[in-house]
Amino acid sequence: EIHERLVGSEMCIRDRLSVAAFAAVLPAKASTGALLVLLIVGDVFALALYRRDADLRTLLRLAPAVLVGLVLGSVFLALSDDRWVKLVIGVILLALTAFTLWRRGGSGAAPGGGRAARVGYGALGGFTTMVANAGGPVMSLYFLAARFPVRTFLGTAAWFFAIINVAKLPFSIGLGLLDWSTFSLDLVLAPAVVAGALIGRWIAGRIRQAAFDRVVVAMTVLGAWFLILAALKSS
C-alpha cells in the first residue's frame, strides 16, 4: 500500500519536475518535444504495472474536453515565442503546486465527477499537457476527486497519460517540436529513464511519504521560479 501511494504521488508531480529540468537546459519549446518521447517511455512502464485496472468509461467521457485543450495548447505554442512558453510553464507549475498544497491542507474536498468537472479538468489537462507536458497534476486531482480505489486511480491515470502523450505526437511534429535531432537526444536519454523507473520503484518502498513530498515540492518551486526569472530576464 505504501508503494502504491508513493506511485500515485509520483504520477501527480513527475511532470512538474521533468518539465522544469528540461526547460531549464533547453529552449522551452524544444524541451516540450524532447520530454514528450521520454514520457511515453515512462508510460510503457506504468501500463505494464497497472494496465488492467483502468476505468475506461471515465476516459471516454474526458476525451472531448481534453481534445479541446490540446487544440488550444497547440494554437498557443504556434503563436507564442520561447520566452512566453517558458513563462507560462513556470506559472503553471507554481499554480498547480499551490493548488495541490492548498487542497492537502484543507478538507481534501474537490469537485466530483460531474460534467462541469470533466470539462474543466479535461480542458485544462489537455492545455497544460500540450504546452508544458504538465497535465499530470491536473488529471491526478480529477481522478482523486472521483474517489477511485488506489489501483483504479493508477490504472486510469496510466492509460490516460499514455493515450494523450501518443495523441500529442502529430501536434508536436506539426509544430516542429520533434525532429531527428530531438529523437537522437531521446535515444541517448531513454536508458536513464528506464534506470530511473527501476530505481524509483526500489526507493518507493523505503522513503517516507512526508520527506518525499517536501523534496519534490521544493525542487518544483525552485525550477518554476528559475524559468520565470529566465523569461523575465530575456524580455
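Details of the structure are given in the entry above.
Keep in mind that what you see is a predicted model, and the values were worked out from it rather than measured.

**Student:** Would you mind going over the packing of aromatic side chains with me for this structure?
**Tutor:** The way to describe two aromatic rings as a pair is by their centre distance and the angle between their planes. Applying the stated criterion to the full structure yields 2 aromatic pairs. When the ring of F160 is compared with that of F161, the centres are 5.4 Å apart and the planes differ by 80°; the resulting orientation is edge-to-face. On the basis of relative accessibility, which here comes to 5%, the residue F161 falls in the buried class.

**Student:** Please explain helix α3 (residues 56-79) as it appears in this structure.
**Tutor:** Helical geometry note: an α-helix holds 3.6 residues per turn, so side chains three or four residues apart project in the same direction. For α3, with 24 residues, the first-to-last C-alpha span of 34 Å sits near the 34 Å given by 1.5 Å per residue. Remark: the principal bend of α3, roughly 45°, maps to A63, with a proline, P64, within the next four residues. Taken together, the buried positions of α3 are occupied by T58, L59, L62, A65, V66, G69, L70, G73, S74 and L77. The opening residue of α3, the one whose side-chain oxygen lies 3.2 Å from the backbone nitrogen of R57, is D55.

**Student:** Sorry, what's going on with helix α5 (residues 115-132) here?
**Tutor:** Taking 1.5 Å of rise per residue, 18 residues should cover 26 Å, and α5 covers 25 Å from first to last C-alpha, within 8% of that figure. Listed as buried for α5 are A117, R118, Y121, G122, G125, G126, T128, T129, M130, V131 and A132.

**Student:** Please clarify how the packing of α3 against α5 should be interpreted in this entry.
**Tutor:** Angle between the axes and distance between the axes: these two values describe a pair of packed helices. Contact geometry of α3 with α5 gives a least axis separation of 6 Å together with a crossing angle of 40°. In this structure, α3 crosses over α5, and the sense of that crossing is right-handed. Contacts between α3 and α5 pair R61, L62, A65, V66, G69, L70, L72, G73, S74, F76 and L77 from the former with R118, V119, G122, A123, G126, F127, T129, M130 and V131 from the latter. Here the contact of α3 with α5 is composed, by residue class, of 12 nonpolar, 6 polar and 2 charged.

About the thresholds
- Residues numbered from 1 in each chain as written.
- Predicted model: local features only at pLDDT ≥ 70, side-chain atom pairs only at ≥ 80, totals over all residues.
- Heavy atoms only, no water.
- Phe/Tyr/Trp six-rings, centres within 6.5 Å; stacked < 30°, edge-to-face > 60°.
- Buried < 20%, exposed > 50% of the residue type's maximum accessible area, 1.4 Å probe, protein only.
- Helix = DSSP H or I, 4+ residues; strand = E, 2+ residues; numbered from the N terminus.
- Expected span 1.5 Å × (residues − 1).
- Bend = angle between axes of the 7 residues up to and from the residue.
- Polar contact = N/O pair within 3.5 Å; in protein donor to acceptor, adjacent residues only side chain to side chain.
- Axes fitted to C-alpha atoms, helices over the stretch in contact; angles between N-to-C directions.
- Left-handed = near helix turned anticlockwise from the far one by under 90°.
- Contact = heavy atoms within 4.5 Å.
- Nonpolar A, V, L, I, M, F, W, Y, C, P; charged D, E, K, R; others polar.

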